[in-house]
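Architecture and fold: a report
Letter by letter, the chains look like this.
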Amino acid sequence: MKKKEIYKKYKEKINLITKFNKSYFEKSTPIVSDIEYDELKKEIINLEKEYNFLKSKKSPAETVGYKPSKNFKKALHKTPMLSLANAFSKDDLINFEKKITNFLSKKNDYKIFYSAEPKIDGISASLTYKKGNLIRGLSRGDGKEGEDITGNLNTIEDIPKTIPSRDFPEEIDIRGEVFIQNSDFEKLKDKFANPRNAASGSLRQKNPEDTKKIPLKFIAYTFGFEKGLKVDNQFDYLNKLGEWGFKTNPLNKLISGVKNLITNYVDIEKKRANLDFDIDGIVYKINDFALQKRLGNVANAPRWAIAHKFSSNKAVSEIKDIEIQIGRTGALTPVAKIKPINIGGVLVSNATLHNEDEIKRKDIRIGDTVTVERAGDVIPHILSVDFKKRKKNVQRFVFPEKCPSCGSKTIKEFNSITRKKDAVRRCSSEGYFCEKISVEKLKHFVSKEAFNIDGFGKKIVENFWKLKLIKFPQDIFKLDYNKIQKLEGWGELSVENLKYSINEKKKISLEKLIYALGIRHIGLENAKLLSKYFTSFQNFKNLSVTNKYNDLLNIDGIGETQVNSIKNFFSVPKNFEVLIELEKLLTIKKPIFEKKNGLLKDKFFLVTGKLYNLSRAEVKSLIEENSGTTVSSVTKKLNYLITGEKPTKRKVESAKALKIKIINQDEFLKMLNKTS
Ligand code: IVH
């Protein structure tokens, strides 16, 4: 069957089940028997399993019931529910520990204790208890605001409804994971693609009676807001959870040293297949709450925790061809076209080869038999070549020295930070000159996280490009709709819709715009930081005039790599032209500042010299946490110069000349009601 026909068949089934759902859930009058309904559900799920291109928001694998999310009230988390950074290797862990020791200004041999907790792959929930009673339960939602699913959480036996213990805090959000045990999932296998979907679906049922039918479990592992919690470390907290009647993971351990973390990781990975719940890694949390507090958060993840992910599923296949793809930053990525193979339920036919060096190092050639690995949502990649199976006279793969799209020379840049040549080969053209880069840039510009223009997908970008309707981002807002209406596949209505979607997005936030420009190394988080720093499009654009690139290093989270990349961006005249054109066409919204009234509000600080037991990063984060600002040079704007051991003379003298207050570490900490 052709792809189109399969999709048609699938769509028909989805429409049918939507109709059944509507009559059952909205009108409470089923129009088919349970058996017929379950049969249809099974057919849909089987189709999705067989053809991985089939996806629908209305799929029974995604939802249970009819439009569940609309049925819940939203509520804010008093303390946000954060996510975790990932580690995949020993090096990642060493790095993690090094960063922490540096931040805390400790010696290299300082022993850090971690609570190592197997990471259950389920759905997180936050349970609010007041005076020992469960009063509300929220889903994670976007981390700031969740759905009120109290009714459904109430049906879970593992969740205590009242906790009489004397030492239970007056108020606390107990957080943990809702999941289904593998043995219980066996019985639900026909209805859901995996245990996680099953848990998520049943947790968001409209009717708690439906949730009750599914054997959901809960294990607790952290907390959000609290008042009256009397423990000072994670491991004691986990023990307390047990005393209060919560289930905790029996495999949790207190460990110090990266070496021991790895031993435990290997040990648990071996046990993994025999566990009755799915785990996808191990979470390491600094045990000491006081240290956790000092470390704080970056963006939406804590500095004091990391998830060490397990590697995943592997399979053997054959390389049919090697294609070179060109990304929006000009990177040439080799992709292996492999004989399609099912890995962990997903049909894989492409595997990334990362870069030229990787092909050389692993000596990967067309025709080779290879082991392919697919880990989580990451693109599958080639692990190794089976050299015994290599046929005679197979040629080495020669990486193109010219860009396959525009013919420009391909180059490997020298990275001034690592002092090495990049592994990635790039097209050396100036972005918009190279067709492939240009098209990729435009795809990024309209993509979901950037301008998010409804109905303006990748295919349309490619099509409009070919037809010379768009070349630069600004062209999107100057489209010739009369021309489009005459194109095949376009009608009055679809053109109207497109016009509407585009016009709707003419009002855009500064952060989205910066992100949409596709500057290398400037992802969503960095774009947000930059937008907060610049506060207006004008200031951002002026960077090319003021040349104050190094000031950007003051932004927590922005490093040399990002600064160099921004510099490069402004060094291309075409990029500046695009900014000017966009400015004419768009209404750019300034960032909204959360008005925080910290102790250091409206105060500017600069540190010079070495402080005692306090790293630069921590001072900065202390200042910013309390609504202050750090700057990099002495100007009139500066309010306080904090001096440590061996301060820069020049800075102290300029501060004196400008009559700026000069304080030491203790005086600074006193401003925050702290002592060193
Ligand atoms: S702590 C601030 N502990 O992992 C720390 N999370 O990517 C964040 N998870 O959404 C939560 N086991 O669903 C924590 N022992 C554990 C966990 C755990 C699983 C999940 C949780 C969270 C995600 C973070």
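Analysis parameters
Residues numbered from 1 in each chain as written. Predicted model: local features only at pLDDT ≥ 70, side-chain atom pairs only at ≥ 80, totals over all residues. Heavy atoms only, no water. Pairing = 2+ DSSP bridges. Helix = DSSP H or I, 4+ residues; strand = E, 2+ residues; numbered from the N terminus. Axes fitted to C-alpha atoms, helices over the stretch in contact; angles between N-to-C directions. Contact = heavy atoms within 4.5 Å. Near = heavy atom within 4 Å. Polar contact = N/O pair within 3.5 Å; in protein donor to acceptor, adjacent residues only side chain to side chain. Areas by Shrake-Rupley, 256 points an atom, 1.4 Å probe, with all protein chains shown as cover. Nonpolar A, V, L, I, M, F, W, Y, C, P; charged D, E, K, R; others polar. Salt bridge = Lys/Arg side-chain N within 4 Å of Asp/Glu carboxyl O. Buried < 20%, exposed > 50% of the residue type's maximum accessible area, 1.4 Å probe, protein only. Core = buried A, V, L, I, M, F, W, Y, C linked by side-chain atoms within 4.5 Å. pLDDT = per-residue confidence, 0-100. Phe/Tyr/Trp six-rings, centres within 6.5 Å; stacked < 30°, edge-to-face > 60°. Lys NZ or Arg CZ within 6 Å of the ring centre and 35° of its normal.

Strand order across the open sheet formed by 5 strands is β2-β13-β10-β3-β9, with mixed pairing between neighbours. What marks the edges here is a single partner per strand, and that holds for β2 (85-87) and β9 (253-256). Looking at each pair of strands side by side, their axes are set apart by 35° on average, direction ignored. Here helix α8 (residues 234-243) sits on the sheet and contacts β3 (113-120), β9 and β10 (279-286); the angle it forms with β3, its principal contact strand, is near 50°. Packed onto the sheet, helix α9 (residues 258-271) meets β3, β9, β10 and β13 (305-309) and runs at close to 155° relative to β10.

Glancing now at the site of the ligand. Around the ligand, the neighbouring residues are Leu 82, Leu 84, Glu 117, Lys 119, Ile 120, Ser 124, Glu 177, Tyr 221, Val 283, Lys 285 and Pro 302. Within the backbone of Leu 84, an N or O atom sits 3.3 Å from an oxygen atom of the ligand. Within the complex, 87% of the 520 Å² of free accessible area of the ligand lies under protein. Elements represented by at least two residues in the shell around the ligand include exactly β3 and β10. Broken down by element, the residue count for the shell around the ligand peaks at 3 residues, all from β3. Of the residues contributing to the shell around the ligand, the split by class is 6 nonpolar, 1 polar and 4 charged.

Here we take up the sheet that holds strand β8 (residues 216-227). Taking strand neighbours across the sheet as the criterion, the 4 strands line up as β5-β4-β7-β8 in an open arrangement whose pairing is antiparallel. Each edge of the sheet is formed by a strand with only one pairing partner; in this case those strands are β5 (133-139) and β8. Put simply, the sheet's adjacent strands are angled 25° from each other on average, direction ignored. Relative to strand β7 (residues 171-180), strand β4 (residues 123-130) runs antiparallel, the two being bridged by 8 bridges. Looking across to β7, one finds that Ile 123 is bridged to Val 178. Sheet contacts for helix α6 (residues 195-203): β4, β7 and β8; angle to β7, the most-contacted strand, approximately 130°.

This paragraph deals with the pattern of salt bridges. Scanning the model with the defined rule gives 34 salt bridges in all. Close ionic contact of Glu 323 with Lys 337 constitutes a salt bridge, the shortest N to O distance being 3.9 Å. Remark: Lys 337 occurs in strand β15 (residues 332-343) and Glu 323 occurs in strand β14 (residues 313-326); sequence separation between them is 14 residues. Its relative accessible area of 34% is what places Glu 323 among the partly exposed residues.

Counting residues in hydrophobic clusters, the biggest one holds 52 residues, and the most contacted among them are Phe 456, Phe 464, Ile 476 and Leu 479. The element that contributes the greatest number of residues to this core is helix α16 (residues 510-516), accounting for 5 residues. Here Ile 476 is in contact with Leu 442, Phe 445, Val 446, Ile 453, Phe 456, Ile 470 and Ile 502, once residues within four sequence places are set aside. Among the nonpolar cores identified, the runner-up in size contains 33 residues, and Leu 127, Ile 172, Phe 218 and Leu 229 belong to it.

A few words on the side chain of Ser 531. You can see Ser 531 is positioned in helix α17 (residues 524-534). A residue is classified by how much of its surface remains accessible, and Ser 531, at 1% relative accessible area, is buried.

It is worth spelling out the pairing of β4 at this point. Most of β4 is tucked away: 7 of the 8 residues are buried. Looking at chain direction, β4 and β5 are connected through 6 bridges and run antiparallel. Opposite Ala 125, over in β5, you have Ser 139 as the bridge partner.

Attention shifts here to the confidence of the model for the protein. Per-residue confidence for the protein gives a mean pLDDT of 89; residues scoring 70 or more make up 94%. Contacts of residues 64-69 to residues separated by more than four positions or lying in other chains number 16 contacts, the stretch itself having pLDDT below 50.

Looking now at the environment of Lys 309. In this fold, Lys 309 is placed in strand β13. Put simply, Lys 309 and Lys 119 are 190 residues apart on the chain and 8.6 Å apart in space, counted from C-alpha to C-alpha. If sequence neighbours within four positions are ignored, Lys 309 has contacts with Asn 86, Ala 87, Phe 88, Lys 119, Tyr 265, Asp 280 and Gly 281.

With that out of the way, let us pick up the packing of aromatic side chains. Counted under the stated rule, the structure contains 27 aromatic pairs. When the ring of Tyr 432 is compared with that of Phe 472, the centres are 5.2 Å apart and the planes differ by 70°; the resulting orientation is edge-to-face. Remark: Phe 472 occurs in the loop between α13 (458-466) and α14 (481-485) and Tyr 432 occurs in the loop between β20 (420-427) and α12 (435-446); sequence separation between them is 40 residues. Accessibility classification places Tyr 432 together with Phe 472 in one group, the buried group. When the ring of Phe 605 is compared with that of Tyr 640, the centres are 5.2 Å apart and the planes differ by 15°; the resulting orientation is stacked. Separated by 35 residues along the polypeptide, Phe 605 in strand β23 (residues 604-608) and Tyr 640 in strand β25 (residues 640-643) bring together distant segments of the chain. An aromatic cluster of three or more residues is present, and its members are Tyr 129, Phe 168, Phe 223, Tyr 237, Trp 244, Phe 246 and Phe 289. Above the ring of Tyr 432, the side-chain terminus of Lys 441 is found at 5.1 Å from the ring centroid. Stacked on the ring of Phe 472, the Lys or Arg Lys 574 has its end atom at 4.1 Å from the ring centre.

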